[in-house]
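Here's the letter readout for the chains.
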Amino acid sequence: MKFFYSPYQLQPQDKSAPRSGALLKVVWNERKIGYADLHPWPELGDEPLAVQIEKLKQLKLTNLTEQCVWLASIDAKGRMEKRNLYDNQILLKNNAIITKLDNHTVELLDPVAKNGFSKVKIKVGVDPDEEIKLINRIAQTHTIKLRLDFNNRLLSYAAFEKFINALSVSAKFQIDYVEDPFPYNEEAWKKARELAPLAIDWGLEKIDLRQDQHPQADVLIIKPMRDDVDKRMAQALKWNMKATVTSHMGHPLGVMQCAQVAQDLHVKHPNVMLDPGCLTFDIYQPTEFHFHLNLQGPYIRKVAGWGIGFDVLLKGQKWLPL
Ligand code: MG
């Protein structure tokens, strides 16, 4: 197995610092070649890109590069069989996403709702007082369901209780689930679940995968770019939980791979899987890859080419040997 990489930067629309990642080309042999997206989030605990690349050189896989190899192998299979992995017949309705809640993004919800979205995921926990006001305003003017993702930013159950209690009745009613409100703790999450349905993402790392007991959450988040998908799915089934696939908010190629995994899991487990959250392309300024996407409201359609698509662009990248 040989690796090649092509570093890239994505510029967030919200003008925050550019994000670094690398496309990976994995070559098993002349015929078996697949691609994936290595996009670490050092601020959330991943090792930085340079370290990931260095470890890959020594064939020490991290959870991210392990997933890259897995996704590249799926891609390679599609390319060898000359078929696109994505199925335009399976229409999954993705949630919209708001990474930063302010007056401007609240106004943007109007066109979003008109475009057919019925759920929006909002990243919260940065400025709770302001966010509460804005969420209440959203609930006054929209019927869209809310997925509130705190990324464990609140410190405790008490802070979460205060947040929820400050929401209007209609805002509370519109909550689809709350993701990672504060660091996982069985007792505290048990109480928090009485306030709103909870989804667990980062907290899952703290839970023994083999434990029989259902964790104190309602929905399990599956991120194909960092989690062993089969293991996570087995957990969801064992614990009788709902599950949803979300993207890693990285390069369009990697996001398309997440959307494809979402399709696959929806076909296999239609009663377990909830609407995915893979529509994270436009949090960045468009790149050449963005122009090849086929998006329609909450729906993602295939990108031309074999495997996950983008054949022409992938050929044109500058590939550095590891
Ligand atoms: Mg999350």
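The rules we used
Residues numbered from 1 in each chain as written. Predicted model: local features only at pLDDT ≥ 70, side-chain atom pairs only at ≥ 80, totals over all residues. Heavy atoms only, no water. Phe/Tyr/Trp six-rings, centres within 6.5 Å; stacked < 30°, edge-to-face > 60°. Helix = DSSP H or I, 4+ residues; strand = E, 2+ residues; numbered from the N terminus. Buried < 20%, exposed > 50% of the residue type's maximum accessible area, 1.4 Å probe, protein only. Pairing = 2+ DSSP bridges. Axes fitted to C-alpha atoms, helices over the stretch in contact; angles between N-to-C directions. Donors = N, O, S within 2.8 Å, 3.2 Å for Na, K, Ca; no water. Parallel < 35°, antiparallel > 145°, perpendicular 65-115°, else oblique. Contact = heavy atoms within 4.5 Å. Nonpolar A, V, L, I, M, F, W, Y, C, P; charged D, E, K, R; others polar. Right-handed = clockwise from strand over helix to strand, strands pointing away. Left-handed = near helix turned anticlockwise from the far one by under 90°. Polar contact = N/O pair within 3.5 Å; in protein donor to acceptor, adjacent residues only side chain to side chain.

1. A short note on the packing of aromatic side chains
Step number 1: Counted according to the given criterion, the structure contains 7 aromatic pairs.
Step number 2: When the ring of Phe150 is compared with that of Phe163, the centres are 4.9 Å apart and the planes differ by 80 degrees; the resulting orientation is edge-to-face. Taken together, the positions of Phe150 in the loop between β6 (145–149) and α5 (157–165) and Phe163 in helix α5 put the pair 13 residues apart, joining distant regions of the chain.
Step number 3: Owing to a relative accessible area of 0%, Phe150 belongs among the buried residues under this scheme.
Step number 4: Residue classification places Phe163 among the buried residues on the basis of a relative accessible area of 2%.
Step number 5: Ring centres of Phe160 and Phe182 lie 6.2 Å apart, and the angle between their planes is 50 degrees; this geometry places the pair in the tilted category. You can see Phe160 sitting in helix α5 and its partner Phe182 sitting in the loop between β7 (175–179) and α7 (186–192), a full 22 residues away along the chain.
Step number 6: Look at Phe182 and you get buried, because its relative accessible area is 2%.

2. Brief notes about the sheet that holds strand β8 (residues 198–200)
Step number 1: Taken together, 7 strands build an open sheet; the order of strands is β4-β5-β6-β7-β8-β9-β10 and the sheet is parallel. Edge positions in the open sheet fall to β4 (96–98) and β10 (242–245), since each of these has one partner strand only. Each strand axis lies, on average, 25 degrees off the axis of its neighbour in the sheet, ignoring direction.
Step number 2: For β7 and β8, the ladder comprises 2 bridges, and the chain directions are parallel. Bridge pairing links Glu179 to Ala199 in β8.

3. A look at the coordination of the magnesium ion
Step number 1: Protein coordination at the magnesium ion comes from Asp149 (OD), Glu179 (OE) and Asp201 (OD), with a distance range of 1.9 to 2.7 Å.
Step number 2: Expressed as a motif, the donor residue spacing for the magnesium ion is D-x29-E-x21-D. Remark: Glu179 occurs in strand β7 and Asp149 occurs in strand β6; sequence separation between them is 30 residues. The burial state of Asp149 is the same as that of Glu179; both residues are buried.

4. What to know about the packing of helix α2 (residues 63–80) against helix α9 (residues 252–268)
Step number 1: Here α2 crosses α9 at 75 degrees, and the two axes come no closer than 11 Å. Taken as axis vectors, α2 and α9 run roughly perpendicular relative to one another. Contacts from Trp70, Leu71, Ala72, Ile74 and Asp75 in α2 reach Gln257, Gln260 and Val261 in α9.
Step number 2: Residue composition of the contact of α2 with α9, grouped by class: 5 nonpolar, 2 polar and 1 charged.

5. Structural notes on the pairing of β10
As a general feature of sheets, a regular strand has side chains that alternate between the two faces.
Step number 1: Pairing geometry for strand β9 (residues 219–222) and β10, over 4 bridges, is parallel. Opposite Ile222, over in β10, you have Val245 as the bridge partner.
Step number 2: Crossover connection from β9 via helix α8 (residues 229–238) to parallel β10: handedness right-handed.

6. Here's the deal with the packing of helix α3 (residues 103–114) against helix α4 (residues 128–141)
Between two packed helices, the angle of one axis relative to the other and the distance separating the axes together describe the packing.
Step number 1: The interhelical angle for the contact between α3 and α4, taken along N-to-C directions, is 20 degrees, at an axis separation of 11 Å. In this view, α3 runs roughly parallel relative to α4, as classed from their interaxial angle. Along this stretch, α3 crosses α4, giving a crossing that reads as right-handed. Residues Asn103, Val106 and Leu109 of α3 lie in contact with α4, whose contacting residues are Leu134, Arg137 and Ile138.
Step number 2: For the contact of α3 with α4, the residue count by class is 4 nonpolar, 1 polar and 1 charged.

7. Quick look at the sheet that holds strand β1 (residues 2–10)
To summarise the sheet geometry, strands pair through backbone hydrogen bonds and adopt either a parallel or an antiparallel arrangement.
Step number 1: If you walk across this open sheet you meet the 4 strands as β3-β2-β1-β13, and the pairing is antiparallel. Both outer strands of the open sheet, β3 (33–38) and β13 (320–321), are each paired with one neighbouring strand and no more.
Step number 2: Here β1 pairs with β13 via 2 bridges, running antiparallel. Paired with Tyr5 across the strands is Leu320, a residue of β13.
Step number 3: Docked against the sheet, α2 engages β1, β2 (19–27) and β3, running at close to 145 degrees with respect to β3.

8. So, the side chain of Gln67
Step number 1: With respect to the helices and strands, Gln67 occurs in helix α2.
Step number 2: A residue is classified by how much of its surface remains accessible, and Gln67, at 5% relative accessible area, is buried.
Step number 3: Of note is the side chain of Gln67, whose polar atom sits 3.1 Å from the backbone oxygen of Pro224.
Step number 4: Residues in contact with Gln67, not counting those within four places in the same chain, are Pro224, Met225, Arg226, Asp227, Asp228 and Val229.

9. Things to note about unusual backbone geometry
Step number 1: A positive phi is found at Leu59, a non-glycine position, where the angle reads about 55 degrees.
Step number 2: One can find Leu59 in the loop between α1 (49–57) and α2.
Step number 3: The phi torsion at Asn240 lies on the positive side, around 55 degrees, for a residue other than glycine.
Step number 4: For Asn240, the location among the structural elements is in the loop between α8 and β10.
Step number 5: Its relative accessible area of 68% is what places Asn240 among the exposed residues.

Geometric values such as these leave the question of function open.
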